[in-house]
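# Structure at a glance
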Amino acid sequence: MPSRESYEVHKEEKSLVQKAKREANQEDILAAALVMRMGPQKPPATFWQPLKLFAYSQLTSLVRRATLKESERTPKSEKVHNFKVHTFRGPHWCEHCASFMWGLMAQGVKCADCGLNVHKQCSSLVPNDCKPDLRHIRKVYSCDLTTLVKAHNTARPMVVDMCIREIESRGLKSEGLYRISGFSDSLEEVKMAFDKDGEKTDISVNAYEDINIIAGALKLYLRDLPVPIISYDAYPRFIEAAKLTDPEKKLEAFREALALLPPSHSETLKYLMAHLKRVTQNEKFNLMNAENLAIVFGPTLMRAPNLDAITALNDIRYQRQVVEVLIKNEDALF
């Protein structure tokens with residue numbers, strides 16, 4: 001009867017033989033995959049299965065990486081809901097948890113932009129997927145830029161598009177463009193017309209012969225935005241970029257700051273800077289260069305977020321520099 005020691009030795013030898021066979025099979029597969037196997041013999045049918053699985057996994061990985069890179073390039077356009085306490089008439093159910101809203105007054109909150117009704121405690125759980133509805137947008141001026149763009153399903157606010165088209169059609173050579181203000185009563189009239197009629201507002205030469213009124217209406221719209229074109233979140237990065245002295249590092253810092261802007265803000269700023277660049281190209285007529293325009297648009301496009309008066313005052317010169325850099329390098333930054 002064989003001893004336990006000989007049995008263990010036999011078992012170990014058998015294990016080594018099986019391991020050697022597995023390694024040999026793996027070497028054969030690898031050699032064949034690299035077209036290094038010699039001889040006319042045809043590979044077995046089972047040989048192709050590992051290669052198919054390997055190719056499929058690699059292809060899937062490539063697709064996944066490409067999809068990830070594409071999603072990274074595509075800017076997100078999420079919008080938070082604008083919830084306000086609301087008293088509902090009649091029975092209402094929360095559109096988030098589907099539970100009944102109890103009480104006679106202030107039973108929950110309602111999004112002023114899309115009309116979503118939820119419990120107050122549920123409002124913090126609702127995802128940032130607000131889709132503004134024109135039925136709830138009661139004004140154009142002083143309306144959040146992203147809200148207006150999403151409600152009209154446009155790339156930029158219609159006020160910006162309409163005013164710039166009108167200015168470029170008949171005002172690029174107007175002396176002191178954007179520096180000379182229009183009559184305040186006329187500006188208020190244009191503002192009310194946009195709030196009431198939207199895209200149907202008439203700002204043609206027949207309605208307003210003075211192009212400075214249209215330019216003033218555009219500046220007023222940008223100044224009245226609850227969140228400026230250069231948003232509060234991105235503001236510090238733009239100020240820091242303006243302080244840099246090395247030209248290449250400055251441009252790179254500006255690109256990084258621009259990437260922080262919401263998509264609608266970025267698109268509007270791009271369109272506006274291209275327009276202001278065309279204004280500077282007519283400097284010999286309108287006497288407005290990049291520096292002059294930056295003085296006008298600096299405080300209009302960016303405002304210090306909750307800073308003390310002294311800091312805000314010191315930032316004014318950097319605000320001007322930010323806009324000047326954006327105008328002069330419009331083709332390289334956007």
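Conventions used here
- Residues numbered from 1 in each chain as written.
- Predicted model: local features only at pLDDT ≥ 70, side-chain atom pairs only at ≥ 80, totals over all residues.
- Heavy atoms only, no water.
- pLDDT = per-residue confidence, 0-100.
- Contact = heavy atoms within 4.5 Å.
- Salt bridge = Lys/Arg side-chain N within 4 Å of Asp/Glu carboxyl O.
- Helix = DSSP H or I, 4+ residues; strand = E, 2+ residues; numbered from the N terminus.
- Buried < 20%, exposed > 50% of the residue type's maximum accessible area, 1.4 Å probe, protein only.
- Core = buried A, V, L, I, M, F, W, Y, C linked by side-chain atoms within 4.5 Å.
- Phe/Tyr/Trp six-rings, centres within 6.5 Å; stacked < 30°, edge-to-face > 60°.
- Lys NZ or Arg CZ within 6 Å of the ring centre and 35° of its normal.

## Things to note about the confidence of the model for the chain
Summing up the model confidence of the chain, the mean pLDDT is 81 and the portion of residues at 70 or higher is 76%. Contacts of residues 1–5 to residues separated by more than four positions or lying in other chains number zero contacts, the stretch itself having pLDDT below 50. Here residues 51–76 is a poorly scored stretch, pLDDT under 50, and it has three contacts once near neighbours within four places are set aside; other chains count.

## Considerations on the pattern of salt bridges
All chains considered together, the criterion is met by ten salt bridges. The closest approach of N and O atoms between glutamate 168 and arginine 278, which form a salt bridge, is 2.7 Å. Placement of glutamate 168 in helix H4 (residues 158–170) and of arginine 278 in helix H9 (residues 263–280) is noted, with a sequence separation of 110 residues between them. For lysine 328, the salt bridge is made with glutamate 324, and the minimal N-O distance between the two is 2.9 Å. A residue pair is termed a helical-turn pair when its members lie 3 or 4 positions apart in one helix, as lysine 328 and glutamate 324 do in helix H12 (residues 309–328) at four residues. Residue classification places glutamate 324 among the buried positions, given a relative accessible area of 14%. Linked by salt bridges that have partners in common, Arg156, Asp161 and Glu267 make up one network.

## Thoughts on the nonpolar core
The biggest cluster of nonpolar side chains holds 67 residues, and the ones touching the most others in it are Tyr178, Tyr221, Leu222 and Phe238. The biggest single contributor to this core is helix H6 (residues 211–224), with nine residues. Setting aside chain neighbours within four positions, we find tyrosine 178 in contact with Ile167, Ala215, Leu218, Lys219, His275, Leu276, Val279, Leu293, Val296 and Phe297. Counting residues in hydrophobic clusters, the runner-up holds eleven residues, among them Cys94, Cys111, Cys122 and Val126.

## Quick word on the packing of aromatic side chains
Tallying each qualifying case throughout the model produces five aromatic pairs. Measuring from ring centre to ring centre gives 4.7 Å for phenylalanine 100 and tryptophan 102, while their planes differ by 75°; the resulting arrangement is edge-to-face. A residue is classified by how much of its surface remains accessible, and phenylalanine 100, at 25% relative accessible area, is partly exposed. For tryptophan 102, a relative accessible area of 71% gives the class exposed. An angle of 70° between the planes, with centres 5.0 Å apart, marks the rings of tyrosine 178 and phenylalanine 297 as edge-to-face. Of this pair, tyrosine 178 sits in the loop between H4 and helix H5 (184–197) while phenylalanine 297 is found in helix H11 (residues 290–301), placing the two residues 119 residues apart along the sequence. Assigned by exposure class, tyrosine 178 and phenylalanine 297 land together as buried. Three or more aromatic residues joined by ring pairs make a cluster, and in this case those are Tyr141, Phe194 and Tyr221. Directly above the ring of tyrosine 271 sits arginine 156, whose terminal nitrogen or CZ lies 3.9 Å from the centroid. In this structure, lysine 173 is placed above the aromatic ring of phenylalanine 285, and the distance from its NZ or CZ to the ring centre is 4.6 Å.

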